[in-house]
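# Structure at a glance
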Amino acid sequence: MKIFKLFFTICCASVIFAGFAQNTVSLNGKWELSYWEQPRKPVRTPDAMQQVTFKTIPATVPGNVELDLQAAGIIHDPMIGNNVWEMRPYEGHQWCYSRTFPTPAVEDGQTVMLCFGGIDCLADIWLNGKLLASPENMLIEHRYDVTDLLDRQKDNKLQVIIRSAVLYSQENLRDGLGRKDVNGEGANLRKAPHSYGWDILPRLVSAGLWRDVSLQIMNPIYFTDVFWVTNWADTAKKRAGMKVEYQLVLPFKELDKHQAVVTLKRNGKVVYQHSEILYLNMYRHSFTLENVELWWPRGYGDPALYEASVSIVDKQGKTLARDVKNIGVRTMTLMHTEITTPEKPGEFCFKVNGEKIFVKGTNWVPVDALHSRDAALLNGVMDMAVDLNCNMIRCWGGNVYEDHAFFDLCDRNGIMVWQDFSMACDAYPQSPEFIAKIYEEVRSVVLKLRNHPGLILWSGNNENDGKFGDPNRDLISRGVIPEAISAWDPTRSYLPSSPWYSPEFVKNGRNGKLLPEHHLWGPRGYYKDPFYTDLQCHFVSEIGYHGCPNRETLEKMFDKDFVYPWKKGTFEWNDQWQTKASKEHLYSHGTDDRNDLMINQVKVVFGDVPTDLDRFIFASQSVQAEAMKFFVELWRMDKFRKTGILWWNLRDGWPMISDAVTDYYNSKKLAYYYIKQVQQNACVMIGDANESKHPVIAVNDTREEKQGTVTVRDLDTKEVLLSGKFVIPVNGKTEIGSIPESGKHAMWVIEYTLGNEKFTNHYLNGTPPFKLADYERWYKKIYQVNKWIKNN
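Here's what I pulled together on the structure shown here. Within each chain, residues carry numbers counting from 1 in the order of the written sequence. For a predicted model such as this one, the threshold for reporting local features is a pLDDT of at least 70, and the threshold for listing and counting side-chain atom pairs is 80 or more; totals across whole chains, interfaces and linings nevertheless cover every residue. Note that the side-chain values use all heavy atoms of the structure and ignore hydrogens as well as water.

## Section: the overall build of the protein chain
Counting its secondary structure elements, the protein chain contains 16 helices and 37 strands. For a compact globule the rule gives 2.2 Å times the number of residues to the power 0.38, and the radius of gyration it is set against comes from C-alpha atoms. A globule of 792 residues ought to have a C-alpha radius of gyration of about 28 Å, and the protein chain, at 28 Å, matches this closely. Overall, the C-alpha framework of the protein chain stretches about 85 × 70 × 55 Å when taken along its three principal axes. Contacts between residues were defined by any pair of non-hydrogen atoms, one from each residue, lying within 4.5 Å. A fraction of 72% describes how many contacts in the protein chain between residues 6 or more apart in sequence connect residues 24 or more apart. What sets the accessible areas is the Shrake-Rupley method with a 1.4 Å probe; for residues, cover comes only from the shown protein chains. Here the protein chain displays about 31100 Å² of accessible surface, and carbon together with sulfur accounts for 49% of that area. On the protein chain, the mean spot of the 92 positive side-chain charges and the mean spot of the 97 negative ones are 3 Å from each other. Helix numbers and strand numbers start at the N terminus; a helix is a DSSP run of H or I with at least 4 residues, a strand a run of E with at least 2. Think of it this way: Lys and Arg go in the positive column, Asp and Glu in the negative one, and His and the chain ends go nowhere. By convention, the charge on Lys lies at NZ, on Arg at CZ, on Asp at CG and on Glu at CD.

Pasting the structure below:
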């Protein structure tokens, strides 16, 4: 591990400032964007720009070059039809963002930091004709001390020259393990993996200043890091052991003079305070918090947050520096074994404050393929996650890292976050140079996000283990990442990969049935096939089913003549439907048959595939909805042998044909509503027949006993199949009764109460194929029942 100590030394040269800025000056807004074809030797200086022919258009920051080209009328809207391919010629271009700004008022002893929230990606930053830095990571923040570079006499000129990411890939050889397709093209570059094309997002090898740009004016005393940790929690006695660690920058003459004041407030009331003389630039304070209100995931209690501050105060009571965060007091761990077998089941279970948590949630993919639009879309997507009662979100490794706003919403709403590091579906380079980049990235991301109580797990990557002969030799997921986490966030659990191919798993022949945590894709046939029902994994972190978007969405994302995909009554997908499949590249064919998933799945359940577009949409969405509901119920009814399900996925990051239950325009598919039915904190469900009886199961994902009543009846005949009262133990389940097996095609409606609240669910009885006309009739009746329940 000596090699990683070397990287530690290299990467610690850049300090991440989390501290107290007296003033922030935004540099967002109007910029200029120049662009030109990248020559054999890339342009890297303002002087060299004068040797090439370039065009200049207005630009907006935060932004992406595609949006500026569209605004200038140079390309069409890339979200429509095949227009995304208009960006292909620009992949070989360079870009220069430029603007001027006046020097802000700066007092003696203050420091001015130039801050980039996100630069995509290979950049040279020039300020007043001087090279400031050459960052090469889209995924992390970049901050530079520019105090001595600012011009006090005239406006400053800031230029960010960006090189072609596609041409950069030609500078790097791929070893025998790495992918050689579009997904491997950017493996050597720290850029969002989805950018090169994925089966859920288009190819947009973008460039831009995609997050805020600002000047932060730091006082002579400012914090560089503050870290709050819960060491232990006693739920019965309402006590918790805490510590806070902080570091700051200050002139030597300010030592031994001031007080460092640690304060915790709950709902505006001070619940803990401690102060002592500031005699070092770093300190650790441990304490016990009495009558504590713990942070809990959704359903298990209140996600209580405290205002936690550290202040430096002089003798006159003036605050010289202050760091404020919202923290949650909680312990958390992932209990897992290397494999699971019938003889030794093992486990994969999250615990918060010592309580087992049954996980029900979703995978989080890019909110937008053009990430400068993420912030504006975030609240609407998070509202849906809350509405669906998700208690965990898995941030998928093909994405960027979400900003504080995302994690703040999760913290407030009791949503746990599983965070993959941004690597996916590839064997990444093992060179010392690349590993150094990863250490810098991990350190940056961990230091930024580690105070969020909802962040429950770091995961090394998405599905990389399957790309190695023995992934336990991977120097990234088994070396540099856990070393960085051990140094900077030692109390949070770490999973090397999802799914994790442990030494014991590899030793036993890499049999997928041995995985405690799994991604269940497979043949994507009938959703009740043994592939789904016979696996013995405890936790599924990816599982999904295709569903056609609503008609109004199709009409937005396709040119008018391409909305209807059939020719002469047969399924011949036109090229726009293929593009939206998603086609990873204009000349790749990996997703050519992806739309056929909808055809095959509809055919399995309903026998025939309607060629009327509206009936096809309904049939496709009905199959997806029943499948997704079944997956959630299958896992919940086997609580705690099964411990959680993260279905794929909540929303598209682009107008697509996909597995998402909500499309890019936030138009919900039928699966959204079915999932909402079965993700209530307590729910009554009917299982498939076992020994000629259908079990009726009630599950309770709270820390309170639940009592209720239930009636199950045939939707057509009104026959009551089961009726009675039930009690569900704390965080447990109970079998209310059973219903005799029947081969008849029918829809059974479940009406149940919990206290004064009324709920419904349903069960589709019988084996396919069903008649689509029957299902249409049942759906209308279910809709009427749900409407009556809601209004009464």
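## Here we look at unusual backbone geometry
What is expected of a backbone is that most residues other than glycine have negative phi and most peptide bonds are trans. Following Val-61, the chain continues to Pro-62 via a peptide bond in cis, the omega torsion being 0°. Of note in the backbone geometry, Asp-256 takes a positive phi value of approximately 70° without being a glycine. The exposure class assigned to Asp-256 is exposed, which follows from its relative accessible area of 54%. Burial classes: relative accessible area under 20% of the type maximum marks a residue as buried, over 50% as exposed, and values in between as partly exposed (1.4 Å probe, protein chains only).

## Looking at the sheet that holds strand S13 (residues 222–234)
Pairing is antiparallel in the open sheet, where three strands are placed in the order S13-S14-S17. Of all strands in the sheet, those bounded by a partner on one side alone are S13 and strand S17 (282–290). When the angles between neighbouring strand axes are averaged without regard to direction, this sheet yields 15°. Strand pairing requires that DSSP identify at least two bridges connecting the strands. Relative to S17, strand S14 (residues 239–249) is paired through nine bridges, and the arrangement is antiparallel. Residue pairing for S17: Met-242 is matched across the bridge by Phe-287. Orientation is described by lines fitted to C-alpha atoms, with helices fitted over the stretch in contact, and by angles between N-to-C directions that extend from 0 to 180 degrees.

## Looking at the packing of aromatic side chains
Pairing of aromatic side chains here covers Phe, Tyr and the six-membered ring of Trp, requires ring centres within 6.5 Å, and sorts the geometry by plane angle: under 30 degrees stacked, over 60 edge-to-face, intermediate tilted. If you walk through the whole model with that rule in mind, you get 40 aromatic pairs. Both rings, one in Trp-31 and one in Tyr-97, keep their centres 6.5 Å apart while their planes meet at 80°; by these two values the pair is edge-to-face. With Trp-31 in strand S2 (residues 29–37) and Tyr-97 in strand S4 (residues 93–101), this pair connects stretches of sequence that are 66 residues apart. Accessibility classification places Trp-31 together with Tyr-97 in one group, the buried group. Aromatic pair Phe-406 and Phe-407: ring centres 5.0 Å apart, planes at 90°, arrangement edge-to-face. With respect to burial, Phe-406 and Phe-407 carry one shared label: buried. Counting every residue linked through ring pairs, the aromatic cluster contains Tyr-526, Tyr-527, Phe-531, Tyr-532, Tyr-545, Phe-630 and Phe-631.

## Things to note about the pattern of salt bridges
For salt bridges, the criterion is a side-chain nitrogen of Lys or Arg within 4 Å of an Asp or Glu carboxyl oxygen. Applying the stated rule across the entire model yields 44 salt bridges. The salt bridge involving Arg-524 is made with Asp-659; its shortest N-O contact spans 3.3 Å. Taken together, the positions of Arg-524 in the loop between strand S28 (517–520) and helix H10 (530–533) and Asp-659 in the loop between strand S30 (644–647) and helix H15 (670–678) put the pair 135 residues apart, joining distant regions of the chain. With respect to class, Arg-524 is no different from Asp-659; both count as buried. A salt bridge links Asp-774 to Arg-777, with the shortest nitrogen-to-oxygen separation between them at 3.0 Å. Taken together, the residues Asp-774 and Arg-777, both in helix H16 (residues 772–791) and three residues apart, mark about one turn of the helix. Connected via shared salt-bridge partners are Arg-44, Asp-124, Glu-136 and Arg-163.

## Some thoughts on the packing of helix H7 (residues 432–449) against helix H8 (residues 476–488)
When two helices pack together, their arrangement is captured by the angle between the axes and the distance separating the axes. Where H7 contacts H8, the axes come no closer than 9 Å and their chain directions differ by 35°. Crossing of H7 against H8: the hand is right-handed. Contacts from Phe-434, Ile-435, Ile-438, Tyr-439, Val-442, Arg-443, Val-446 and Leu-447 of H7 reach H8 at Ile-476, Val-480, Ile-481, Ala-484, Ile-485 and Trp-488. Here a crossing is called left-handed whenever its near helix is offset anticlockwise from the far helix by less than a right angle, and right-handed whenever the offset is clockwise.

## A word on the pairing of strand S25 (residues 416–420)
Where burial is concerned, most of S25 is hidden: five out of the five residues are buried. Residues Met-416, Trp-418 and Asp-420 point to one face of S25 and Val-417 and Gln-419 to the other, with burial holding for every one of them. When strand S24 (residues 392–395) meets S25, the two strands line up parallel, connected through four bridges. Note on S25: the bridge partner recorded for Cys-395 is Gln-419. With its strands directed away from the observer, a crossover is right-handed exactly when the path from the first strand over the helix to the second travels clockwise. Following the chain from S24 across helix H6 (residues 404–413) to the adjacent parallel S25, one finds a crossover that is right-handed.

## Here we look at the sheet that holds strand S10 (residues 156–162)
The sheet built from six strands is open, its strands ordered S3-S2-S4-S10-S7-S8 with antiparallel pairing. Two strands in the sheet have a free side with no partner beyond their single neighbour: strand S3 (55–61) and strand S8 (130–133). Each neighbouring strand pair of the sheet contributes to a mean axis angle of 30°, computed without reference to strand direction.

## Here's the deal with the side chain of Asp-120
Positionally, Asp-120 belongs in strand S6 (residues 119–120). You can call Asp-120 buried: its relative accessible area is 2%. Within 3.5 Å is the distance limit for a polar contact, defined as a pair of N or O atoms, with the added protein rule that one can donate a hydrogen and the other accept it, and that residues adjacent in sequence qualify only through two side-chain atoms. In this structure the side chain of Asp-120 is engaged in a polar contact, spanning 2.5 Å, whose partner is the side chain of Lys-191. With sequence-adjacent residues up to four places away left out, Asp-120 is seen in contact with Met-138, Ile-162, Lys-191, Ser-206, Ala-207, Gly-208 and Trp-210.

## A word on the state of the cysteines
In this description, the term disulfide denotes a pair of cysteine sulfurs within 2.5 Å. Under the defined criterion, the tally for this structure stands at zero disulfides. A disulfide-free cysteine, Cys-395 has its sulfur positioned 6.9 Å from the sulfur of Cys-410, the nearest such atom. A relative accessible area of 3% places Cys-395 in the buried class. In this structure Cys-425 is not part of a disulfide, and its nearest cysteine sulfur, from Cys-395, lies 16 Å away. Judged by relative accessible area, Cys-425 falls into the buried class, the value being 9%.

## Description of the packing of helix H14 (residues 613–636) against H15
One way to put it is that H14 packs onto H15 with a least axis distance of 8 Å and a crossing angle of 20°. Here H15 runs roughly parallel to H14, going by the angle between their axes. The chirality of how H14 crosses H15 is right-handed. Facing Gln-621, Ser-622, Gln-624, Ala-625, Glu-626, Met-628, Lys-629, Val-632, Glu-633 and Arg-636 of H14, the residues of H15 in contact are Leu-670, Ala-671, Tyr-674, Ile-675, Gln-677 and Val-678. The residue classification treats Ala, Val, Leu, Ile, Met, Phe, Trp, Tyr, Cys and Pro as nonpolar and Asp, Glu, Lys and Arg as charged. All others, Gly included, are polar. Looking at the contact of H14 with H15 residue by residue, the class counts come to eight nonpolar, four polar and four charged. Any angle from 65 to 115 degrees is called roughly perpendicular, while one under 35 is roughly parallel, one over 145 is roughly antiparallel, and all others are oblique.

## Observations concerning H7
For an α-helix, 3.6 residues make a turn, and residues three or four places apart therefore share a direction. Take the residue count of a helix, subtract one, and multiply by 1.5 Å to get its expected span. Counted at 1.5 Å a residue, the expected span for H7 with its 18 residues is 26 Å, and the 26 Å between its end C-alpha atoms agrees. Most of H7 sits out of view: 14 of its 18 residues are buried.

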